[in-house]
Amino acid sequence: MILIDKALEQRAREGRPIRIGLVGAGFMARGVALQIALSVPGMRVAAIANRTLETAARAYREAGQEGVRTVESVAALEQCIQAGTPAITQDPLLLCRAEGIDAIVEVTGTIEEAAAVTLEAIGHGKHVVLMNAEVDGTVGPILKTYADRAGVVLTNADGDQPGVMMNLYRFVRGIGVKPVLCGNIKGLHDPYRNPTTQAGFAKQWGQNPSMVTSFADGTKISFENAIVANGTGMRVAKRGMHGPTVPAGTPIQQAVELYPLQDLVEGPGIVDYVVGAMPGPGVYVLGTHDHPQQRHYLDLYKLGKGPLYCFYTPYHLCHFEVPNTVARAVLFGDAALTPLGAPLVEVVATAKTELRAGAVLDGLGCYMTYGLAENADVARRQNLLPIGLAEGCRLKHDMARDEVLTFDDVELPAGRLADRLWREQMDRFFPQLSPCTRNA
């Protein structure tokens, strides 16, 4: 970003690079490490935590960095940081506790583990960048509360669609146009996809089949749009969003014709998506302007006559842009995307197939559930089960395909941090709710 590049160059000249701890060493995390090593002066990956040490070492190796040391204590990690020695560990909490690390970048896609890492990092005064819409969309608002108390930044990342949407939203709002829809462009949406159907695509790109499935079955876009709603004050027009499908290659500018106008101009605006439009996989914002002369200028600049104007970004470059988020947080105290306050949109668990009593629910992007975006007030009135809490729950009775699960339908595992945070989030932001609607 403009301004950030100069600030990072200054840190490089001063010999004071921003030092990050990378939690996770999968496909996307390795891209972050590579990008920082190749193209980001004034920043370095001080340490990588991953369950498999060889994978963490691979991330450094692919980034052209040698002399990696395995550490098992905070003291050993701090020695590596001071010496500029790349460090790897199986314990992500070491990164959170070590002096000399400025920010944690969380890239696991988990919820329980990511919540623990985030809390620990915040407790030790570190900024946290989440490449993890799942934990953000489940307990992000309460984690933001902790971050605010500690005086650190909790943010989702530039580059992935939510961050790109938020940057575009801020640009549109900054030129005086009122954003009324933040949207995501998808190439495929089929809620019944599973890791078996997506195995070929995952293998082709070296990605995790469950992660790829969460893209295809709508869970990922539901989380992504939920955190955009929570960061802008928007809502969804209906459960699951409109999600119109258009002929392949349809210009995204035609999005101005795809949504009921009253959903856009009445209320705080909505988050939504479109399948099949170009340029994909980009993002778009629809906005309005009240001033007749400014509308004349917008027409002159080829945005049309209104009342809706379409702005779009034709790409999202995930790991390429994450260092910008780190710099924004560390150098400027600015979040790319963070909750405004109470959750406004949740992602609720929905049966992907017929489910039987006694079954234990599997994880995101697997065989048993998919996620649907729903307004938080509706979800709480109906006691719906967030999909971020669904894994490991035992069903009390049979569920039909496409039936949305409630807390009454399941037995929760004991002792989970995510459930405790969820209850705390409900107590803080929805104290008026009856106990049965906050019974995680």
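Counting restarts for each chain, with residues numbered from 1 along the sequence as it is written. Where local features are concerned, this predicted model is filtered to residues with pLDDT of at least 70; where side-chain atom pairs are given and counted, the filter is 80 or more; whole-chain, interface and lining totals use all residues. Heavy atoms from the whole structure form the basis of all side-chain values; hydrogens and water molecules are not counted.

Student: Would you take a moment to explain the overall build of the chain for this structure?
Tutor: Helix and strand assignments come from DSSP, with helices taken as H or I runs of at least 4 residues and strands as E runs of at least 2, each series counted from the N terminus. Secondary structure assignment for the chain yields 16 helices and 16 strands. Two things to know: the radius of gyration comes from C-alpha atoms, and the globule rule equals 2.2 Å times the number of residues to the power 0.38. Relative to the globule expectation of 22 Å for 440 residues, the C-alpha radius of gyration of the chain, 22 Å, shows essentially globular dimensions. Summary of the burial criterion: residues with accessible area below 20% of their type's maximum are buried, those above 50% are exposed, and those between are partly exposed, where the area comes from a 1.4 Å probe applied to protein chains only. For the chain, buried positions account for 56% of its 440 residues. Contacts spanning at least 24 positions in sequence make up 74% of the contacts within the chain whose residues lie at least 6 apart. Whether two residues touch is decided by their heavy atoms; if any such pair falls within 4.5 Å, the residues are in contact.

Student: How should the sheet that holds strand 10 (residues 270-278) be read in this particular structure?
Tutor: Pairing between sheet strands relies on hydrogen bonds along the backbone, with the strands arranged either parallel or antiparallel. In this analysis, strands are considered paired if DSSP registers two or more bridges between them. Within the open sheet, the 5 strands sit side by side as 9-10-8-11-12. Their pairing is mixed. Where the open sheet ends on each side, the last strands, each with one partner, are strand 9 (245-251) and strand 12 (309-313). Recorded for the sheet is a direction-independent mean angle of 40° between the axes of neighbouring strands. Across 5 bridges, strand 11 (residues 283-288) lies against strand 12 in antiparallel orientation. Counterpart to Val285 in the pairing with strand 12 is Phe311. Here an axis means a line fitted to C-alpha atoms, over the contact stretch when the element is a helix, while the angle between two N-to-C directions is reported on a 0 to 180 degree scale.

Student: Would you take a moment to explain empty space enclosed by the protein for this structure?
Tutor: Sizing a probe to match a water molecule and rolling it over the atoms shows the empty space that remains. Using a grid of 1 Å spacing that covers the protein atoms alone, one calls a set of points a cavity when a 1.4 Å probe fits there but cannot get out, and a pocket when the set is open and has protein on both sides within 12 Å along at least five of seven lines; lining residues are those with an atom within 4 Å of a point. Grid points are joined across faces, edges and corners, and a volume is the space filled by probe spheres set on the points. Tallying each qualifying case throughout the model produces 1 cavity of 30 Å³ or more. Taken as a whole, the largest cavity spans an internal volume of roughly 30 Å³. Mapped by element, the contributors of at least two residues to the lining of the largest cavity are helix 7 (133-150), strand 13 (345-351) and helix 16 (417-429). Among the elements that make up the lining of the largest cavity, the one with the highest residue count is helix 7 (4 residues). In this count, Pro and Cys sit with the nonpolar residues alongside Ala, Val, Leu, Ile, Met, Phe, Trp and Tyr, while Asp, Glu, Lys and Arg are called charged and the others, Gly among them, polar. Split by residue class, the lining of the largest cavity holds 4 nonpolar, 4 polar and 2 charged.

Student: Looking at this structure, how should I read the pairing of strand 11?
Tutor: A regular strand places its side chains so that they alternate between the two faces of the sheet. The buried fraction of strand 11 is high, at 6 of 6 residues. Residues of strand 11 alternate between two faces, with Val283, Val285 and Gly287 on one and Tyr284, Leu286 and Thr288 on the opposite face, all of them buried. Of the pairings in the sheet, the one linking strand 8 (residues 178-186) to strand 11 comprises 6 bridges and is antiparallel in character. Bridge pairing in strand 11 places Leu181 opposite Leu286.

Student: Quick question: what am I supposed to make of the state of the cysteines here?
Tutor: A covalent bond bridging the sulfur atoms of two cysteines is what the word disulfide describes. When two cysteine sulfur atoms lie within 2.5 Å, the pair is treated as a disulfide. Scanning the entire structure with this criterion turns up 0 disulfides. In this structure Cys182 is a free cysteine whose sulfur lies 11 Å from that of Cys310, the closest cysteine sulfur available. Cys182 gets classed as buried once you look at its relative accessible area, which sits at 0%.

Student: Where do I start with the nonpolar core in this structure?
Tutor: Soluble globular proteins tend to pack their nonpolar side chains together in the buried interior. To define a nonpolar core, start from buried Ala, Val, Leu, Ile, Met, Phe, Trp, Tyr and Cys residues and group those joined through side-chain atoms within 4.5 Å. In this structure, Leu77, Leu361 and Leu405 are the most contacted members of the largest nonpolar core, which totals 86 residues. Membership of the second largest hydrophobic core comes to 28 residues, among which are Ile4, Ile20, Ile48 and Val105.

Student: Would you mind going over the sheet that holds strand 6 (residues 127-130) with me for this structure?
Tutor: Across the sheet, which stays open at both edges, the 7 strands sit in the order 3-4-2-1-5-6-7 with parallel pairing between neighbours. Only two strands of the sheet have a single partner each, and these edge strands are strand 3 (69-70) and strand 7 (154-156). Sheet topology places strand 6 next to strand 7; 3 bridges connect them, and they run parallel. By the bridge assignment, Val128 is partnered in strand 7 with Leu154.

Student: Where do I start with helix 16 in this structure?
Tutor: Think of an α-helix as 3.6 residues a turn; residues three or four steps apart then line up on the same face. One less than the number of residues in a helix, times 1.5 Å, gives the span that helix is expected to have. Taking 1.5 Å of rise per residue, the 13 residues of helix 16 would be expected to cover 18 Å, and the 18 Å separating its terminal C-alpha atoms lies within 8% of that figure. Every buried residue belonging to helix 16 is among Leu417, Ala418, Asp419, Leu421, Trp422, Gln425, Met426 and Phe429, and all of these are buried. Those residues of helix 16 that are buried are in contact with helix 6 (112-123), helix 7, strand 13 and helix 15 (376-381).

Student: Would you explain the pattern of salt bridges in this entry?
Tutor: Side chains bearing opposite charge may pair, as long as their charged atoms lie close to each other. Each salt bridge in this description consists of a side-chain nitrogen of Lys or Arg and a carboxyl oxygen of Asp or Glu lying within 4 Å of one another. In this structure the tally under the stated criterion is 21 salt bridges. One salt bridge connects Arg16 with Glu14, and the closest N-O pair in it is separated by 2.6 Å. Salt-bridge contacts for Lys144 lead to Asp148; the nearest nitrogen and oxygen are separated by 3.0 Å. Taken together, the residues span about one helical turn, with Lys144 and Asp148 both in helix 7 at a distance of 4 residues.

Student: Even after reading the chapter, I still don't get the environment of Pro247, so can you show me in this structure?
Tutor: Here Pro247 shows up in strand 9. For Pro247, a relative accessible area of 61% corresponds to the exposed category. For the pair Pro247 and Ala379, spaced 132 residues apart in sequence, the C-alpha separation works out to 33 Å.

Student: Explain unusual backbone geometry to me, please; I cannot follow it from the model alone.
Tutor: Residue Pro279 follows Met278 across a cis peptide bond; omega there is 5°. Position of Pro279 among the secondary structure elements: in the loop between strand 10 and strand 11. Between Gly280 and Pro281 the backbone carries a cis peptide bond, its omega angle lying at 5°. Mapped onto the secondary structure, Pro281 falls in the loop between strand 10 and strand 11. Positive phi values are uncommon outside glycine, yet Lys302 reaches one of about 75°. Assignment of secondary structure puts Lys302 in the loop between helix 13 (292-300) and strand 12. Looking at Lys302, the relative accessible area reads 75%, which means it is exposed. Backbone geometry places Asn383, a non-glycine residue, at a positive phi of 60°. Within the element layout of this structure, Asn383 appears in the loop between helix 15 and strand 15 (394-395).

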